[in-house]
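Residues per chain, in single letters:
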Amino acid sequence: MDATSLLDRYERMNVIRRTEKAAHDLFLRGLVKGTTHLAAGQEAIAVGASAALRPDDYVFATYRGHHHALARGATPEECLAELMSRATGLCKAKGGSMHLTKAATGMLGSYAIVGSHLPMAVGAAWSARLRGTEQLAVAFFGDGATNIGAFHESLNLAAVWKLPVLFVCENNLYMEYTPIADVTAVPRPAADRAPAHGIPGEVVDGNDVVAVEEAVGRLARQARAGDGPAVLEAETYRHFGHSRADPAAYRPPEEVERWLKHDPLDLARGRLAELGVDEETLAGADERARDVVERAVAAAKAAPPPDPREALTDVWADGGAAWRT
């Protein structure tokens, strides 16, 4: 990857990291209702994958999905306004942190029910096949979802029909609070199980945006060519606990320290330095990212609350609320 392209990926990850930090700070100030599941530390998966996809491809994510919404075209202002229950939010304050959706850019939602979106991605891929669009569906899910029935059902059906769908596991080592290794018989919970369904399974460094983009790009080309689905297990680590109510005290300090030294932004900065990008250029990218998020926070805080009369709109595709039989 050339320096210009990598600098673009770095700045995108920087915006996501700062947006996550803003969400954390706003929550502590009581401006974000409910809870949030931050993806700080997992930015390279979202940015690298999105860069390898077409604009009309479909993306499905988990409740820890801020990074995917932002990578697929949602703005920091839209996301933060949604978290703060503002009328200008991505879903007009109807979705909150766990349901960020922007269908116009192919972000077909974040889902709070573990594993529930994997069959949906299979359905989207089937739709693309029927319409002959060569679109791809990508389901991002956590390591915990590999112990859910929907994971195996989705892989099986996708393999039988050779659908253009990628299953990308964001393996951050923990099923909420339980280490995935403690309750799973194989060391790679997603990649090691893929062959049982006749699907290739690969492992990638999920904190290396270049490696993620290369892997997703290659698997996407194969899927579009009719080779069927694939599983990509991206090894990563969340910087925060499972949710804002979780101090993550169960994680060994040496493990946390080791992974923090393998930060996606630091890896990208190192690659950029190797390509001859100077500190002034990197500082410029940092400053632009900071300005974008600071403006987003100010705009979201100033936005009005939602109009209660809007509560039943957007229930159906035409924007209405009338019951259909």
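One structure accompanies this document, and this report is about it. This is a predicted model, so every value here is computed, not measured. Here the residue numbers are simple positions, counted from 1 along each chain's written sequence. Totals for whole chains, interfaces and linings use all residues, but because this is a predicted model, local features are given only for residues with pLDDT of at least 70 and pairs of side-chain atoms are given and counted only at 80 or more. Side-chain numbers here rest on the full set of heavy atoms in the structure, without hydrogens or water.

**A short note on helix 1 (residues 3-28)**
Counted only if it meets this: Secondary structure elements are defined from DSSP: runs of H or I of at least 4 residues count as helices, runs of E of at least 2 residues count as strands, and each element is numbered from the N terminus. Every helix has an expected span of 1.5 Å times one less than the residues it contains. Identification of polar contacts relies on pairs of N or O atoms within 3.5 Å, with a donor-acceptor requirement for protein atoms, meaning one able to donate a hydrogen and the other able to accept it, and with residues adjacent in sequence counted only if both atoms are side-chain atoms.
Relative to the 38 Å expected for 26 residues at 1.5 Å per residue, helix 1 spans 37 Å between its end C-alpha atoms, a close match to the ideal helical length. Regarding helix 1, its N-cap is Asp2, as a side-chain oxygen of that residue lies 3.0 Å from the backbone nitrogen of Thr4 further along. Once helix 1 finishes, Gly30 follows within two positions and takes phi at roughly 80°, a positive value.

**Some details on a nonpolar patch on the surface**
Where we set the bar: Like-charged residues within 9 Å of one another, or nonpolar side chains (Val, Leu, Ile, Met, Phe, Trp, Tyr) within 5 Å, are grouped into patches, provided each residue has over 30% relative accessible area and no salt bridge. All accessible areas in this document rest on Shrake-Rupley with a 1.4 Å probe, and a residue is counted as covered only by the protein chains that are shown. Salt bridge criterion: a side-chain nitrogen from Lys or Arg within 4 Å of a carboxyl oxygen from Asp or Glu.
Taken together, the side chains of Trp126, Leu130, Leu157, Val160 and Trp161 define a hydrophobic patch exposed on the protein surface, amounting to about 480 Å² of accessible area. Every element with two or more residues in the nonpolar patch is listed here: helix 5 (117-131) and helix 6 (149-161).

**A look at the environment of Met175**
Inclusion rule: Classification of residues uses two cut-offs on accessible area relative to the type maximum, computed with a 1.4 Å probe and protein chains only: under 20% is buried, over 50% is exposed, and between them is partly exposed. For this analysis, residues touch if any pair of their heavy atoms sits within 4.5 Å.
Checked against the element boundaries, Met175 lands in strand 5 (residues 174-175). In this structure Met175 comes out as partly exposed when scored by relative accessible area, which is 25%. In this structure, Met175 is in contact with Asp143, Gly144, Asn147, Ile180 and Val183, ignoring residues within four places of it in sequence.

**Regarding the pattern of salt bridges**
In total, this model carries 20 salt bridges according to the counting rule given. Taking the shortest distance from any N to any O, the salt bridge between Arg17 and Glu43 comes out at 2.5 Å. Here the residue Arg17 occupies a position in helix 1, and Glu43 occupies one in helix 2 (residues 43-52), the gap between them amounting to 26 residues. Like Arg17, the residue Glu43 is buried in the burial classification. Residues joined in a network through salt bridges with shared partners are Asp8, Arg9, Arg12 and Glu213.

**Topic: the layout of surface pockets**
What counts, and what does not: Cavities and pockets are found on a 1 Å grid laid over the protein atoms alone: a cavity is a set of points where a 1.4 Å probe fits but cannot escape, a pocket is an open set with protein on both sides within 12 Å along at least five of seven lines, and a lining residue has an atom within 4 Å of such a point. Grid points are joined across faces, edges and corners, and a volume is the space filled by probe spheres set on the points. Each residue gets one label: Ala, Val, Leu, Ile, Met, Phe, Trp, Tyr, Cys and Pro are nonpolar, Asp, Glu, Lys and Arg are charged, and the others, such as Gly, are polar.
Estimated volume of the largest pocket: approximately 290 Å³. Tyr63, Gly142, Asp143, Gly144 and Ala145 are the residues nearest the centre of the largest pocket, which is lined by 22 residues in total. If you list the elements that add at least two residues to the lining of the largest pocket, you get strand 3 (137-142) and strand 5. Across the lining of the largest pocket, the residue classes break down as nine nonpolar, eight polar and five charged. Empty space within the second largest pocket amounts to approximately 190 Å³. What lines the second largest pocket is Asn171, Leu173, Pro179, Ile180, Ala181, Thr184, Val186, Pro187, Arg188, Pro189, Glu235 and Trp259. Residues belonging to the lining of the second largest pocket are distributed by class as follows: eight nonpolar, two polar and two charged.

**Some points on the packing of aromatic side chains**
Spelled out, the test is: Under the pairing criterion, centres of Phe, Tyr and Trp rings, with the six-membered ring standing for Trp, must be within 6.5 Å; the plane angle then separates stacked pairs below 30 degrees from edge-to-face pairs above 60, leaving the rest tilted.
Summed over the entire model, instances satisfying the criterion amount to six aromatic pairs. A ring pair is formed by Tyr174 and Tyr250, whose centres lie 5.5 Å apart and whose planes are at 55°; its orientation type is tilted. Within this pair, whereas Tyr174 is found in strand 5, its partner Tyr250 is found in the loop between strand 8 (230-235) and helix 8 (253-260), the two being separated by 76 residues in sequence. Residue Tyr250 is classed as partly exposed on the basis of its relative accessible area, which comes to 29%. An aromatic cluster is present here, built from Tyr174, Tyr177 and Tyr250 joined pairwise through their rings.

**What about the nonpolar core?**
Just so we agree on the cut-off: Nonpolar cores were defined as sets of buried Ala, Val, Leu, Ile, Met, Phe, Trp, Tyr and Cys residues, with membership established by side-chain atoms within 4.5 Å.
Core analysis: the largest hydrophobic core is formed by 57 residues, its most contacted members being Tyr10, Leu80 and Leu166. Broken down by element, the residue count for this core peaks at nine residues, all from helix 1.

**Considering the pairing of strand 8**
Both faces of the sheet carry side chains from a regular strand, because those side chains alternate between them. This is how it is decided: Any two strands are treated as partners once DSSP identifies two or more bridges connecting them. Seen with its strands pointing away from the viewer, a crossover is right-handed when the path leading from the first strand over the helix to the second is clockwise.
Counted residue by residue, strand 8 has five buried out of six residues, so it is predominantly covered. One ladder, built from five bridges, connects strand 7 (residues 201-205) with strand 8; its direction is parallel. By the bridge assignment, Asp205 is partnered in strand 8 with Glu235. For the handedness criterion, the β-α-β arrangement of strand 7, helix 7 (residues 209-227) and strand 8 is classed as right-handed.

**Considering the packing of helix 1 against helix 10 (residues 279-302)**
We count it as follows: Axis definition: a line fitted to C-alpha atoms, limited for helices to the stretch in contact. Angles are taken between N-to-C directions and run from 0 to 180 degrees. Angles below 35 degrees are treated as roughly parallel, those above 145 as roughly antiparallel, those between 65 and 115 as roughly perpendicular, and all remaining angles as oblique. Crossing handedness: left-handed means the near helix sits turned counterclockwise from the far one by under a right angle, and right-handed means the same turn made clockwise.
Packing of helix 1 against helix 10 brings their axes to within 9 Å, and their N-to-C directions diverge by 40°. Judged by the angle between their axes, helix 1 and helix 10 are oblique. By crossing handedness, the relation of helix 1 to helix 10 is classed as right-handed. Residue-level contacts link Leu7, Tyr10, Glu11, Asn14, Val15, Arg18, Thr19, Ala22 and Leu26 of helix 1 to Thr281, Leu282, Ala285, Asp286, Arg288, Ala289, Arg290, Val292, Val293, Val297 and Lys301 of helix 10. Of the residues contributing to the contact of helix 1 with helix 10, the split by class is 11 nonpolar, three polar and six charged.

**Quick word on the side chain of Glu11**
Tracing the chain through its elements places Glu11 in helix 1. We classify Glu11 as buried; its relative accessible area is 18%. For Glu11, the contacting residues outside a window of four places in its chain are Ala285, Arg288 and Ala289.

**Here's the deal with helix 9 (residues 264-274)**
Selection criterion: Note: the arc covers the axis-to-C-beta directions of the helix.
Three or more residues of helix 9 are buried, namely Pro264, Leu265, Ala268 and Leu272. Down the axis of helix 9, the smallest arc covering the buried residues is 95°, so these residues share one side. Looking at the buried residues of helix 9, the elements they touch are helix 1, helix 2 and helix 10. Gly276, located one to two residues past helix 9, shows a positive phi value of around 90°.

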